[in-house]
Amino acid sequence: MSFDLPPQLRLAADRLMEGVSRKDMAERAGAISARYRAGGGSAAVVAGQADATAYVLTRLPATYAACGRVFEELTLRAPGFAPASLLDAGAGPGGAGWAALETWPQLVRASLLDSNRAFLDIAATLAADAPTPLKDAERIRADLTAPGAWPSADLVVASYALAEIPEAKQAATIAALWASALGVLAIVEPGTPAGWRRILAARATLIEAGAAILAPCPHQAPCPLAAPDWCHFSQRLARSRDHRLAKGAETPFEDEKFIYLLAARPGVAAEAPTPRVLAPPRAGKPGIELKLCTPQGTAELRFAAKRDKPAYSIARRLDWGEALPAD
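Just so we're clear, the structure is a prediction, and the values are computed from it rather than from any experiment.

Let us now look at the domain arrangement of the protein. Looking at the protein, the domain boundaries give domain 1 (7-264) and domain 2 (276-323). On a C-alpha basis, the centres of domain 1 and domain 2 stand 30 Å from each other. When the area that domain 1 buries against domain 2 is broken down by residue, the three leading residues are Pro218, Pro224 and Phe233, summing to 37%. There are 2 salt bridges connecting domain 1 and domain 2. Run the count over domain 1 and domain 2 and you get 5 residue pairs in polar contact (both at pLDDT 80 or more). Listed by contribution, the elements that provide at least two residues to the side of domain 1 that touches domain 2 are α4 (49-77), β7 (233-238) and β8 (253-264). The dominant element in the side of domain 1 that touches domain 2, judged by the number of residues it contributes, is α4, at 3 residues. Here the side of domain 1 that touches domain 2 is composed, by residue class, of 10 nonpolar, 3 polar and 5 charged.

Structure (structure tokens):
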């Protein structure tokens, strides 16, 4: 499935670029990426409108696509979940809110929380002609490392936010996000070993607090993977011309690597879990090999031989990150 920016958001992002030097944006984008890789937080990395515009150009499409993929998985795991309210914590330019509205058009209320004024301002600019929940969203300047009286919402999202929080403070932030979640808490992080470790720590905190893990894990047991292996997924997205220029890239697409967690309150009805594909399927002449995480809390390799037509028919339709169909 495609998770390209919706037309209204794409047009709003294009308007940001009117009269702006592409060369300057490319240089800013490169500097932002370098500062993030060096461990800088958004307060230091994105210092004003021009930096926020460069971030929108280079990172918004990927973060939107990853959130869209995660929300699609939530609809599969909990098809009856229909949130009316959203809290986007560490919202940045607001991409998660747009992805949530595409997934659940019935959303009526949204709150965006971020410590960076430039991000909140550009989120408002992007949403000037958006549907009402985003156009009229409450935008709150607050620090995720200092939990306070944050709004409660059916769906709480923290996308690409934990990486900016000191490790010693992450558990308190997760607890505060969970306290605000009336239904589901969705966490999205970069698909790196460090991002996976942050997700594992958040998962442990949430399980202890009574959360049901909906995805990607099909179980509540300890993660069966061990370093140097790690759990992550990939979402392909198209690159616009400006996106390619800003990144100095030639290919018309990019693959966003991410890891996520969906944690639900006991009242959220979920489908029975099934094994999830943890890596790109390996196809050969004899059949297809799948690396799976199972509801029993194990990781295993499962081979679907071509001669086993029912199993092979299922395996050939599966992709990295998908769950096996229920029997």
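This is not the end of the story, as more comes after the structure.
Right, let's talk about the pairing of strand β5 (residues 181-190) for a bit. When you tally the buried positions in β5, you get 8 out of 10 residues, the bulk of the element. As a crossover connection, the stretch from strand β4 (residues 153-159) through helix α8 (residues 167-180) into β5 is right-handed. Sheet topology note: the β5/β8 ladder contains 7 bridges and is antiparallel. Bridging from a neighbouring strand, leucine 185 pairs with alanine 263 of β8.

Here we take up the packing of helix α1 (residues 7-16) against helix α6 (residues 117-126). Between two packed helices, what matters for the description is the angle formed by their axes and the separation of those axes. Contact geometry for α1 and α6: axes closest at 9 Å, N-to-C directions at 120°. By the angle between their directions, the pair α1 and α6 is classed as oblique. Contacts between α1 and α6 involve Leu9, Ala12, Ala13 and Leu16 from the former and Ile122, Thr125 and Leu126 from the latter. Of the residues that constitute the contact of α1 with α6, the class distribution is 6 nonpolar, 1 polar and no charged.

Moving on, we get to the environment of glutamate 18. Inspection of the secondary structure assignment puts glutamate 18 in the loop between α1 and α2 (22-37). Judged by relative accessible area, glutamate 18 falls into the exposed class, the value being 60%. Residues glutamate 18 and tryptophan 98, 80 residues apart in the sequence, show an inter-C-alpha distance of 22 Å.

In the structure shown here, the tally under the stated rule is 6 aromatic pairs. Each ring, one from tyrosine 55 and one from phenylalanine 119, has its centre 4.9 Å from the other, and the planes form 70°; the classification is edge-to-face. Taken together, the residues tyrosine 55 in helix α4 and phenylalanine 119 in helix α6 connect sequence positions 64 residues apart. With a centroid separation of 6.0 Å and an interplanar angle of 35°, the aromatic rings of phenylalanine 258 and tyrosine 260 are classed as tilted. Joined through ring pairs, the aromatic side chains of Phe71, Phe81 and Trp104 make up one cluster. The cationic tip of arginine 59 hangs over the ring face of tyrosine 160; the distance from NZ or CZ to the ring centre is 5.3 Å. Above the face of the tryptophan 178 ring, arginine 265 is positioned so that its terminal group lies 3.9 Å from the ring centre.

In terms of nonpolar packing, the biggest core is built from 88 residues, with Phe71, Leu74, Leu155, Ile187, Leu206 and Leu262 touching the most fellow members. It is α4 that provides the largest number of residues to this core, a total of 10 residues. Taken together, domain 1 (7-264) and domain 2 (276-323) each give at least three residues to this core, which thus spans both. Those residues in contact with leucine 155 that lie beyond four places of it in its chain are Phe71, Leu74, Phe81, Pro83, Ser85, Leu86, Leu87, Ala100, Trp104, Val184 and Ala186. Formed by 9 residues, the second largest nonpolar core is a distinct cluster that contains Val277, Leu290, Tyr312 and Ala315.

This part is about the pattern of salt bridges. The full count for this structure, using the stated rule, is 9 salt bridges. For glutamate 256, the salt bridge goes to arginine 59, with nearest N and O atoms at 3.0 Å. Of this pair, glutamate 256 sits in strand β8 while arginine 59 sits in helix α4, and the two are 197 residues apart along the sequence. A residue is classified by how much of its surface remains accessible, and arginine 59, at 21% relative accessible area, is partly exposed. One salt bridge in this structure joins glutamate 289 and arginine 282, with 3.8 Å as the shortest N-O distance. A residue is classified by how much of its surface remains accessible, and glutamate 289, at 25% relative accessible area, is partly exposed. Taking the relative accessible area as the measure of exposure, arginine 282 reaches 61% and is therefore exposed.

Conventions and cut-offs
- Residues numbered from 1 in each chain as written.
- Predicted model: local features only at pLDDT ≥ 70, side-chain atom pairs only at ≥ 80, totals over all residues.
- Heavy atoms only, no water.
- Domains from an automatic or database assignment.
- Buried area = accessible area lost by both parts, 1.4 Å probe.
- Salt bridge = Lys/Arg side-chain N within 4 Å of Asp/Glu carboxyl O.
- Polar contact = N/O pair within 3.5 Å; in protein donor to acceptor, adjacent residues only side chain to side chain.
- Helix = DSSP H or I, 4+ residues; strand = E, 2+ residues; numbered from the N terminus.
- Nonpolar A, V, L, I, M, F, W, Y, C, P; charged D, E, K, R; others polar.
- Buried < 20%, exposed > 50% of the residue type's maximum accessible area, 1.4 Å probe, protein only.
- Right-handed = clockwise from strand over helix to strand, strands pointing away.
- Pairing = 2+ DSSP bridges.
- Axes fitted to C-alpha atoms, helices over the stretch in contact; angles between N-to-C directions.
- Parallel < 35°, antiparallel > 145°, perpendicular 65-115°, else oblique.
- Contact = heavy atoms within 4.5 Å.
- Phe/Tyr/Trp six-rings, centres within 6.5 Å; stacked < 30°, edge-to-face > 60°.
- Lys NZ or Arg CZ within 6 Å of the ring centre and 35° of its normal.
- Core = buried A, V, L, I, M, F, W, Y, C linked by side-chain atoms within 4.5 Å.

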